[in-house]
Amino acid sequence: MIGCSKMDDIRIPLCNSPDLLDSGEGIPFDVTYHGQTCRAFAIRHDGRVHAYLNRCSHVPMEMDYQPNRFFDMTGQWLMCATHGAMYSPSTGTCLGGPCRGGLVKITLSEEDGVVHWHTAHNLKPVEF
Ligand code: FES
């Protein structure tokens with residue numbers, strides 16, 4: 001089964017490193033998660049890049065209060081626009097508000113000035 005997990009992990013180019021500013025706007029992208037097309041987003045926090053499904057754990061709604069804006073006013077937390085659930089930017093863990101668990105994390109890597117997202121057994125690119 002080792003071969004399977006290797007085949008599941010494909011790197012897909014997402015953006016250039018300078019496109020993601022610390023605590024700045026997110027970069028949206030689409031994924032297929034458990035066979036369903038979902039919005040996702042990438043952000044940078046404390047210098048490191050992270051990505052999550054754009055789906056609040058309270059009610060499965062997109063979280064940005066304006067397009068691609070996920071950080072609260074302090075730039076320290078990700079906040080859902082609908083009822084104010086707060087999440088850790090580095091782990092997606094719920095830190096306050098009405099969330100029911102954390103965000104679904106998507107693995108990213110950053111190399112030679114390019115950010116890639118990684119597929120997984122339940123996470124694939126959208127097929128056109
Ligand atoms: S939908 Fe996100 S806090 Fe309610």
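Preceding this section is the structure that the text describes.
Visitor: I would appreciate a short explanation of the overall build of the protein in the present structure.
Guide: A tally of regular secondary structure across the protein gives 1 helix and 11 strands. Starting at the N terminus, the α and β elements of the protein follow one another as α-β-β-β-β-β-β-β-β-β-β-β. Taken over the C-alpha trace, the protein has a radius of gyration of 14 Å; the compact-globule value for 128 residues is 14 Å, and the two agree within 12%. Oriented by its inertia axes, the alpha-carbon framework of the protein measures out at about 40 × 30 × 30 Å. Sorting the 128 residues of the protein into buried and exposed places 25% on the buried side.

Visitor: Sorry if this is basic, but what is going on with the sheet that holds strand β3 (residues 36-45) here?
Guide: By definition, the strands of a sheet pair up through backbone hydrogen bonds, in either a parallel or an antiparallel sense. If you walk across this open sheet you meet the 5 strands as β8-β4-β3-β2-β11, and the pairing is antiparallel. Both outer strands of the open sheet, β8 (105-106) and β11 (123-124), are each paired with one neighbouring strand and no more. Sheet topology note: the strand β4 (residues 48-53)/β8 ladder contains 2 bridges and is antiparallel. Across the sheet, Tyr52 pairs through a bridge with Lys105, a residue of β8.

Visitor: Would you mind showing me how to read the pairing of β4 here?
Guide: When a strand is regular, its side chains alternate between the sheet's two faces. Here 6 bridges tie β3 to β4, and the two strands are oriented antiparallel to one another. Across the sheet, residue Arg44 finds its bridge partner in β4, namely Val49. Taking the residues that link successive antiparallel strands as the turn, the β3-β4 hairpin has 2 residues, and the phi of Asp46 there is positive, at about 50°.

Visitor: In this structure, what is going on with the nonpolar core? I would like to understand it.
Guide: Generally speaking, nonpolar side chains in soluble globular proteins are found buried as a group. Among the nonpolar cores identified, the biggest contains 26 residues, and Ala40, Phe41, Ala42, Ala51, Tyr52, Phe70 and Ile106 are the most heavily contacted of them. Looking at this core, the elements that each hand over two or more residues are β2 (27-33), β3, β4, β5 (78-79) and β10 (114-118). In contact with Phe41, other than residues within four places in its own chain, are Gly26, Ile27, Pro28, Ala51, Tyr52, Asn54, Asn68 and Phe70.

Visitor: Can you help me understand the environment of Ile27 in this one?
Guide: Position of Ile27 among the secondary structure elements: in strand β2. A sequence separation of 17 residues divides Ile27 from Arg44, and the C-alpha atoms of the two residues are 9.7 Å apart.

Visitor: I would appreciate a short explanation of the environment of Val31 in the present structure.
Guide: Checked against the element boundaries, Val31 lands in strand β2. Note on Val31: 23 C-beta atoms within 10 Å, which makes it buried. Taking C-alpha positions, Val31 is 8.9 Å from Thr119, a pair spaced 88 residues apart along the chain. Leaving out residues up to four positions away in the same chain, Val31 has contacts with Cys38, Ala40, Ile106, Leu123, Lys124, Pro125 and Val126.

Visitor: Looking at this structure, how should I read the sheet that holds strand β1 (residues 11-16)?
Guide: Across the sheet, which stays open at both edges, the 3 strands sit in the order β1-β10-β9 with antiparallel pairing between neighbours. In this open sheet, the two strands that pair with only one neighbour each are β1 and β9 (108-111). For this sheet, the mean inter-axis angle between neighbouring strands, taken without regard to orientation, is 30°.

Basis of the calculations
- Think of each chain on its own: its residues are numbered from 1, step by step along the sequence as written.
- With pLDDT at 70 or above as the cut-off, local features in this predicted model cover only qualifying residues; side-chain atom pairs require 80 or more to be listed or tallied, and sums for whole chains, interfaces and linings still use all residues.
- We count a stretch as a helix when DSSP gives it H or I for four or more residues in a row; a strand needs E for two or more, and each element gets its number in order from the N terminus.
- Radius of gyration: C-alpha atoms only; globule rule: 2.2 Å multiplied by the number of residues to the exponent 0.38.
- Residue burial is a threshold on neighbouring C-beta atoms within 10 Å of the residue's own C-beta, all placed from the backbone, with 20 or more meaning buried, 12 or fewer meaning exposed, and counts in between meaning partly exposed.
- At least two bridges found by DSSP between two strands are what make those strands a pair.
- In these notes, a nonpolar core means any group of buried Ala, Val, Leu, Ile, Met, Phe, Trp, Tyr and Cys residues linked to one another through C-beta atoms within 7 Å.
- By definition, residue pairs are in contact when their C-beta atoms, positioned from the backbone, come within 7 Å.
- Simply put, an axis is a line fit to the C-alpha atoms, just over the touching stretch for a helix, and the angle between two N-to-C directions goes from 0 to 180 degrees.

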